[in-house]
Number of protein chains: 2
Amino acid sequence: MRPYSGKLDIKHGLVNMSHGSGGRAMAQLIDQIFMFHFDNELLRQQNDQAAFNVPAGRMVISTDAHVISPLFFPGGDIGSLSVHGTINDVCMSGAKPLYLSAAFILEEGFPLSKLEQIVISMAKASREAGVPIVTGDTKVVEKGNGDGVFITTTGVGVVPDSINISGERACIGDVIILSGSIGDHGMAVLSSRENLSFETTLQSDSAALHRLVKRMVEVAPDIHCLRDPTRGGLATTLNELALQSSVGMLLEESSIPVKAAVTGACELLGLDPLYVANEGKLICICDAADADALIAAMQADPLGRDAAIIGTVVADDHHMVQMQTSFGGSRIVDWLASEQLPRIC
Amino acid sequence: MRPYSGKLDIKHGLVNMSHGSGGRAMAQLIDQIFMFHFDNELLRQQNDQAAFNVPAGRMVISTDAHVISPLFFPGGDIGSLSVHGTINDVCMSGAKPLYLSAAFILEEGFPLSKLEQIVISMAKASREAGVPIVTGDTKVVEKGNGDGVFITTTGVGVVPDSINISGERACIGDVIILSGSIGDHGMAVLSSRENLSFETTLQSDSAALHRLVKRMVEVAPDIHCLRDPTRGGLATTLNELALQSSVGMLLEESSIPVKAAVTGACELLGLDPLYVANEGKLICICDAADADALIAAMQADPLGRDAAIIGTVVADDHHMVQMQTSFGGSRIVDWLASEQLPRIC
């Protein structure tokens with residue numbers, strides 16, 4: 001017997017302040033939307049925390065708040081993104097992601113039907129990834145103090161023994177591998193914003209990369225660095241790694257895959273794809289001796305088909321990222337200086 | 001060498017969209033506010049996830065989004081609350097909390113000085129509790145799409161062997177212990193909202209309960225249920241436990257401590273302290289044979305000084321919570337039906 005009667009009117013209902021109260025209305029929302037779609041054994045414990053068994057060893061934790069606008073975009077929505085984004089942050093350590101938590105901040109007046117659509121998408125992404133959402137929280141803020149829905153996911157995972165992937169491990173002579181084309185997510189989201197539309201079909205690359213990473217650490221356990229180039233794009237992520245490792249980097253522009261639709265949209269808007277966010281790509285830095293095995297393993301995975309070496313790690317006291325351009329020149333690939341695309345994830 | 005020059009103008013500066021960009025401005029904000037105050041070895045790894053060693057065994061994960069309004073209130077602020085709230089959810093399983101993550105959603109235009117004040121308070125709460133913030137995330141939304149700052153914290157902890165605390169373990173004949181007075185947090189927050197002030201000094205009870213819980217499980221490893229009565233108050237939390245355990249409960253009103261200032265403020269506003277949120281109290285349900293040892297252990301802790309038995313678990317097919325009133329009558333203590341105090345945590 002539940003503390004409320006009947007079914008939530010998901011088709012016509014709106015989020016109201018009582019859905020965040022801790023009382024009957026919240027119990028109904030949680031049961032009929034969150035528990036119903038996320039359903040799994042740990043969540044069914046219905047305590048304020050989820051308990052699970054772990055082997056002794058190294059664990060990782062990572063968290064991401066998702067505030068993407070619009071909530072739905074070509075290739076995904078805030079629900080699938082919030083699952084993929086945190087799985088990716090966890091597995092960039094080489095870890096196997098185990099569990100996710102999800103905290104929702106809902107704006108009063110948000111349609112329950114859209115909330116359910118987002119939750120269904122989240123549940124699907126979580127199930128496909130094999131990483132269940134085991135605990136959560138729901139808060140409601142007054143209309144005008146939020147923006148539909150914000151979702152913070154946190155993930156935990158276990159790192160296999162002998163794996164030591166970290167941002168400060170790039171060495172001079174290492175090669176830089178990119179798993180596929182850049183700029184897809186950012187341009188897909190931008191294309192779906194008000195007053196902007198492109199003739200081409202831009203799709204977000206939002207995807208969970210943990211299975212690709214698993215293949216990679218199996219063939220090359222001594223990968224030095226892994227990172228997903230999200231906000232700030234490839235350029236900013238490489239600069240972060242160069243700084244952490246106290247090295248420079250030299251890229252080859254012609255080896256960096258960019259889809260024609262992304263190039264076209266970027267040219268139209270005066271954007272540089274090197275700075276546009278990705279949500280299903282990774283950068284791998286490894287010893288040159290490991291590169292062939294890694295590229296082969298990556299290309300055998302659907303999310304790494306276009307994997308390629310895009311540059312090398314070089315000595316540079318100023319930790320700069322430089323690029324040989326397709327026209328034979330050279331340019332500095334600097335940090336993103338301002339806000340290029342707000343609320344992209 | 002960092003990718004920005006100079007110091008953030010914390011005294012006069014405001015959050016702007018570039019602080020969420022992933023670029024230079026975000027790196028500066030993270031270094032000079034978050035990293036500076038939260039400083040610890042794991043955070044200094046500066047990867048997108050934090051790695052730590054765990055022994056084999058049972059772990060727990062819990063998450064809470066904090067949207068409290070106002071951000072500062074007597075006895076705390078959103079920073080200390082976001083640390084205490086999640087530590088409490090983790091330790092209500094009997095676990096020792098290990099690490100926290102923190103994800104910030106900032107509204108454009110929010111003063112950096114207030115953000116720093118909140119971060120300092122969070123850092124202090126985390127240090128006092130001995131539970132470091134090891135990873136995080138920062139997002140910025142446009143003015144009017146947020147409300148200053150929202151903080152989602154997630155905690156992980158390890159459960160000692162042989163502890164099995166869970167909401168469905170209340171048994172007929174068990175006693176219900178409350179750690180102290182109720183309603184303090186909710187009434188303190190309410191008192192600090194616009195247009196409401198009381199002559200008395202109401203203070204939030206916001207506190208981390210993990211050391212109290214440690215004392216408790218040491219003297220009584222077979223505690224059946226523990227839960228902190230936050231949103232919805234004591235009444236709603238007891239109803240949740242009654243439902244999960246398929247039992248009824250019988251409370252003794254005269255044994256439930258309520259401070260005179262809280263009673264007074266509640267009377268003035270037509271509120272029932274049984275439904276008002278707490279942030280530093282716990283309910284413990286245990287075998288009657290364990291009660292004396294537990295009460296003694298609790299009273300020896302500053303956060304359990306007023307611990308008392310407030311009722312017993314009884315058979316009831318309708319899983320109702322009933323109460324003997326101070327006037328000799330009896331009333332049903334139902335679930336919170338509507339929103340009593342929005343954005344209380």
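No experiment lies behind these values; they were computed from the predicted model shown.

### Here's the deal with the overall build of chain A
Line of reasoning, step 1. Each helix and strand counted, chain A has eight helices and 14 strands in total.
Line of reasoning, step 2. Computed over its C-alpha atoms, the radius of gyration of chain A comes to 21 Å, within 12% of the 20 Å expected for a compact globule of 345 residues.
Line of reasoning, step 3. With the C-alpha coordinates of chain A rotated into their principal frame, the extents come out at 70 × 55 × 35 Å.
Line of reasoning, step 4. Out of the 345 residues in chain A, the part that is buried amounts to 63%.
Line of reasoning, step 5. Here the contacts in chain A between residues at least 6 apart in sequence split such that 84% fall between residues at least 24 apart.
Line of reasoning, step 6. Summed over all atoms, the accessible surface of chain A reaches about 12,300 Å², with 52% contributed by carbon and sulfur.
Line of reasoning, step 7. Each charge sign in chain A was given a centre, from 24 positive and 40 negative side chains, and these centres are 9 Å apart.

### Let's talk about the confidence of the model for chain A
Line of reasoning, step 1. On average, residues of chain A score 95 in pLDDT, and 97% of them are at 70 or above.
Line of reasoning, step 2. What the predictor reports for the complex is a pTM of 0.97 with an ipTM of 0.96.

### Focus: the sheet that holds strand S10 (residues 248-252) of chain B
Residues and elements named next belong to chain B.
Line of reasoning, step 1. One open sheet holds the seven strands; their spatial order is S9-S11-S8-S12-S10-S13-S14, and the pairing between them is mixed. In this open sheet, the two strands that pair with only one neighbour each are strand S9 (225-227) and strand S14 (330-332). Within this sheet the neighbouring strands show an average axis-to-axis angle of 25 degrees, counted without direction.
Line of reasoning, step 2. Bridge count for S10 against strand S12 (residues 308-314) is four bridges, and the pairing is antiparallel. If you follow leucine 251 over to S12, its bridge partner there is glycine 311.
Line of reasoning, step 3. Relative to the sheet, helix H6 (residues 233-245) contacts strand S8 (175-178), S9, S10, strand S11 (283-286), S12 and strand S13 (321-324), its axis offset from that of S9 by approximately 150 degrees.

### Regarding helix H2 (residues 78-91) of chain A
Residue and element names in this part refer to chain A.
Line of reasoning, step 1. The end-to-end C-alpha distance of H2, which contains 14 residues, comes to 20 Å, matching closely the 20 Å that a straight helix rising 1.5 Å per residue would cover.
Line of reasoning, step 2. Among the 14 residues that make up H2, 14 are buried, leaving the element largely enclosed by the rest of the structure.
Line of reasoning, step 3. Between the side-chain oxygen at the start of H2 and the backbone nitrogen of glycine 79 there is a gap of 2.7 Å, and the oxygen is on aspartate 77.

### Notes on the interface of chain A and chain B
One frequent convention defines the size of an interface as the accessible area lost when the parts assemble.
Line of reasoning, step 1. Counting residues at the interface gives 79 residues for chain A and 79 residues for chain B.
Line of reasoning, step 2. Remark: the boundary between chain A and chain B carries eight salt bridges.
Line of reasoning, step 3. We note a salt bridge from A:Lys139 to B:Asp64, for which the minimum N-O separation is 3.8 Å.
Line of reasoning, step 4. On the surface where chain A and chain B come into contact, there are 38 residue pairs in polar contact (both at pLDDT 80 or more).
Line of reasoning, step 5. For the side of chain A that touches chain B, the elements supplying multiple residues, two or more each, are helix H1 (24-38), strand S1 (50-54), strand S2 (57-66), H2, strand S5 (96-107), strand S6 (133-141), strand S7 (149-159) and helix H6 (233-245) of chain A.
Line of reasoning, step 6. The greatest single-element share of the side of chain A that touches chain B, amounting to nine residues, is contributed by S2(A).
Line of reasoning, step 7. The class makeup of the residues in the side of chain A that touches chain B is 32 nonpolar, 30 polar and 17 charged.
Line of reasoning, step 8. Sheet topology places S1(A) next to strand S2 (residues 57-66) of chain B; five bridges connect them, and they run antiparallel. Following the sheet pairing, A:Phe52 is matched in S2(B) by B:Met59.

### Structural notes on the packing of helix H1 (residues 24-38) of chain B against helix H3 (residues 112-129) of chain B
Residues and elements named next belong to chain B.
Line of reasoning, step 1. As a packed pair, H1 and H3 sit with axes 8 Å apart at the nearest point and diverge in direction by 25 degrees. For the element pair H1 / H3, the angle class is roughly parallel. In this structure, the crossing between H1 and H3 has a hand that is right-handed. Side by side, H1 and H3 meet where Leu29, Ile33, Phe34, His37 and Phe38 of the first sit next to Leu112, Leu115, Glu116, Val119, Ile120, Met122, Ala123 and Arg127 of the second.
Line of reasoning, step 2. Looking at the contact of H1 with H3 residue by residue, the class counts come to ten nonpolar, one polar and two charged.

### Side note on the relation of the copies chain A and chain B
Line of reasoning, step 1. Take chain A, turn it by 180 degrees, move it 0.0 Å along the axis, and it overlays chain B with an RMSD of 0.0 Å. Taken together, these values place the two copies in the relation of a two-fold axis.
Line of reasoning, step 2. When the interface residues of chain A are mapped onto chain B, 100% of them are again interface residues, pointing to one common binding face.

### Some points on the pattern of salt bridges
Line of reasoning, step 1. Tallied over the entire structure, the rule returns 30 salt bridges over all chains.
Line of reasoning, step 2. The closest approach of N and O atoms between B:Arg215 and B:Asp301, which form a salt bridge, is 2.9 Å. Placement of B:Arg215 in helix H5 (residues 210-219) and of B:Asp301 in the loop between helix H8 (291-299) and S12 is noted, with a sequence separation of 86 residues between them.
Line of reasoning, step 3. Given the relative accessible area of 5%, B:Asp301 is considered buried.
Line of reasoning, step 4. Three or more residues joined by partner-sharing salt bridges are found here, namely A:Asp64, A:Arg231, B:Asp137 and B:Lys139.

### Some words on the sheet that holds S2(A)
Line of reasoning, step 1. Overall, mixed pairing links the five strands, which are arranged S6(A)-S5(A)-S7(A)-S2(A)-S1(B) in an open sheet. Looking at the sheet topology across the chains shown, the edges are occupied by S6 of chain A together with strand S1 (50-54) of chain B. On average, adjacent strands in this sheet sit at an angle of 20 degrees to one another, irrespective of strand direction.
Line of reasoning, step 2. For S5(A) and S6(A), the ladder comprises eight bridges, and the chain directions are parallel. Pairing of A:Leu106 across the sheet is with A:Val140, part of S6(A).
Line of reasoning, step 3. Contacts between helix H3 (residues 112-129) of chain A and the sheet are confined to S5, S6 and S7 of chain A, with S5(A) contributing the most and set at about 175 degrees to the helix.

Reading guide: rules and limits
Residues numbered from 1 in each chain as written. Chains lettered and ligands numbered in written order. Predicted model: local features only at pLDDT ≥ 70, side-chain atom pairs only at ≥ 80, totals over all residues. Heavy atoms only, no water. Helix = DSSP H or I, 4+ residues; strand = E, 2+ residues; numbered from the N terminus. Rg over C-alpha atoms; globule rule 2.2 N^0.38 Å. Buried < 20%, exposed > 50% of the residue type's maximum accessible area, 1.4 Å probe, protein only. Contact = heavy atoms within 4.5 Å. Areas by Shrake-Rupley, 256 points an atom, 1.4 Å probe, with all protein chains shown as cover. Lys, Arg positive; Asp, Glu negative; His and termini not counted. Charge placed at Lys NZ, Arg CZ, Asp CG, Glu CD. pLDDT = per-residue confidence, 0-100. Pairing = 2+ DSSP bridges. Axes fitted to C-alpha atoms, helices over the stretch in contact; angles between N-to-C directions. Expected span 1.5 Å × (residues − 1). Polar contact = N/O pair within 3.5 Å; in protein donor to acceptor, adjacent residues only side chain to side chain. Salt bridge = Lys/Arg side-chain N within 4 Å of Asp/Glu carboxyl O. Nonpolar A, V, L, I, M, F, W, Y, C, P; charged D, E, K, R; others polar. Parallel < 35°, antiparallel > 145°, perpendicular 65-115°, else oblique. Left-handed = near helix turned anticlockwise from the far one by under 90°. Least-squares fit on C-alpha atoms with pLDDT ≥ 70 in both.

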